[in-house]
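An overview of the molecular structure
Residue strings, one per chain:
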Amino acid sequence: MNVLFIGYGRMGGALGNAWLQAGLVNHLSIVDPGLTADAEQGRYIRLEDVPQHRAFDLIVLAVKPAYATAALAGLTDHQCQQATVVSVAAGVTERTLSNAVGQRCPVVRAMPNTPVLVGAGCTGLYATEHFDASRQAVISRLFEAVGAAYWVSEEQQLDAVTAISGSGPAYYHLFSEALAEAGIKLGLDPELARSLAAQTAFGAATLQHQPHANFTDLRVAVTSPNGTTAAAIDVFETQGQLRALVEAATGAAHRRSVELSNES
Ligand SMILES: NC(=O)C1=CN([C@@H]2O[C@H](COP(=O)(O)OP(=O)(O)OC[C@H]3O[C@@H](n4cnc5c(N)ncnc54)[C@H](OP(=O)(O)O)[C@@H]3O)[C@@H](O)[C@H]2O)C=CC1
Ligand SMILES: O=C(O)[C@@H]1CCC=N1
């Protein structure tokens, strides 16, 4: 597969490197002003520098949402004639993207997350109902190579996917930061506190990932009556505080995703 990346930062780079390593991509071209240009290696500073007659099977848009439409503007007919455009830009709608490519090729929106870096990503995918089934299978295969992939039938659902799994790794990292800091305050060496937080997150996530795992059962299994966990959970759950906080935080992420869609 002949692939062009427009934007090769954290997300673009993670996907491109993983697909290359998995042998899913034969030839990778990259446009990113932050890279050193080397046409031999398929690296370009500007889209205008990419050979105009090269046809791509896949064009991945991975720039910040504010730059998304402008970044697609210079694509030539040859470059997009057989391509599927996959955009990971949060909140930039399928219609905006299709207009930006002049309706010359189908557009898929993807909302991956940073664990794609370690093959444990989670990606929400959306395309219009007219999207070709064989192309859909190719896109599924690409994102399944870096974790789990789920298609949603309504574009608006991507705002919720963004609020839960797109931004979600940051929530877990924030909790680990807080847990490690609490460990230090309880007298642990900082490195040990960090290791305990990370290994506990890994172990809990592995348990949650088992087939048919039930989050409540897993929590109850740790919680002895009148024991230490119950003492902590009582604090987290006082007047539903934790759930209210999570609902408010994910609501804010969701609202921001909708705002970005309205701005795009
Ligand atoms: N990080 C995440 O967890 C996730 C990010 N996303 C989405 O991925 C997109 C990229 O985010 P992320 O990778 O974190 O951001 P980065 O800033 O790491 O990467 C964006 C890259 O695009 C480059 N760039 C800017 N303008 C252009 C252009 N016109 N043509 C080509 N390249 C350009 C930037 O270069 P320079 O820095 O020099 O401007 C940068 O290297 C965003 O739209 C975001 O919503 C989606 C899911 C998760
Ligand atoms: O924070 C953001 O806007 C992007 C989208 C999801 C994760 N990072």
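Residues numbered from 1 in each chain as written. Chains lettered and ligands numbered in written order. Predicted model: local features only at pLDDT ≥ 70, side-chain atom pairs only at ≥ 80, totals over all residues. Heavy atoms only, no water.

In this section: the overall build of the chain. Helix and strand content of the chain: eleven helices and eight strands. Here the chain, with 264 residues, has 37% of them falling under the buried criterion. Considering only intrachain contacts with a sequence separation of at least 6, the fraction spanning at least 24 residues in the chain is 61%. Summing over all exposed atoms, the chain offers an accessible surface of approximately 15,200 Å²; the carbon and sulfur share of this is 56%. Here the chain carries 16 positive and 24 negative side-chain charges, and the mean point of each set is 2 Å from the other. (Helix = DSSP H or I, 4+ residues; strand = E, 2+ residues; numbered from the N terminus. Buried < 20%, exposed > 50% of the residue type's maximum accessible area, 1.4 Å probe, protein only. Contact = heavy atoms within 4.5 Å. Areas by Shrake-Rupley, 256 points an atom, 1.4 Å probe, with all protein chains shown as cover. Lys, Arg positive; Asp, Glu negative; His and termini not counted. Charge placed at Lys NZ, Arg CZ, Asp CG, Glu CD.)

Here the focus is the site of ligand 1. Close contacts around ligand 1 come from 20 residues, with Arg10, Met11, Asp32, Val63 and Ala90 the closest. Take Met11: an N or O atom from its main chain is 2.8 Å from an oxygen atom of ligand 1. Between Lys64 and ligand 1, the recorded distance is 3.2 Å, taken from a side-chain N or O atom to an oxygen atom. For ligand 1, whose free accessible area comes to 890 Å², the fraction covered by protein is 73%. For the shell around ligand 1, the class distribution of residues is 13 nonpolar, four polar and three charged. (Near = heavy atom within 4 Å. Polar contact = N/O pair within 3.5 Å; in protein donor to acceptor, adjacent residues only side chain to side chain. Nonpolar A, V, L, I, M, F, W, Y, C, P; charged D, E, K, R; others polar.)

Lining the immediate surroundings of ligand 2 are Ala90, Gly166 and Ser167. Its free accessible area being 240 Å², ligand 2 has 44% of it covered by the protein chains.

The alternating pattern of strand β5 (residues 84-87) places Thr84 and Val86 and Val85 and Ser87 on opposite faces, both of which are buried. The sheet contact formed by strand β4 (residues 58-61) and β5 spans four bridges and is parallel. Opposite Leu61, over in β5, you have Ser87 as the bridge partner. In terms of strand pairing, β5 meets strand β6 (residues 107-111) through three bridges, oriented parallel. Residue pairing across strands places Ser87 opposite Arg109, the latter belonging to β6. (Pairing = 2+ DSSP bridges.)

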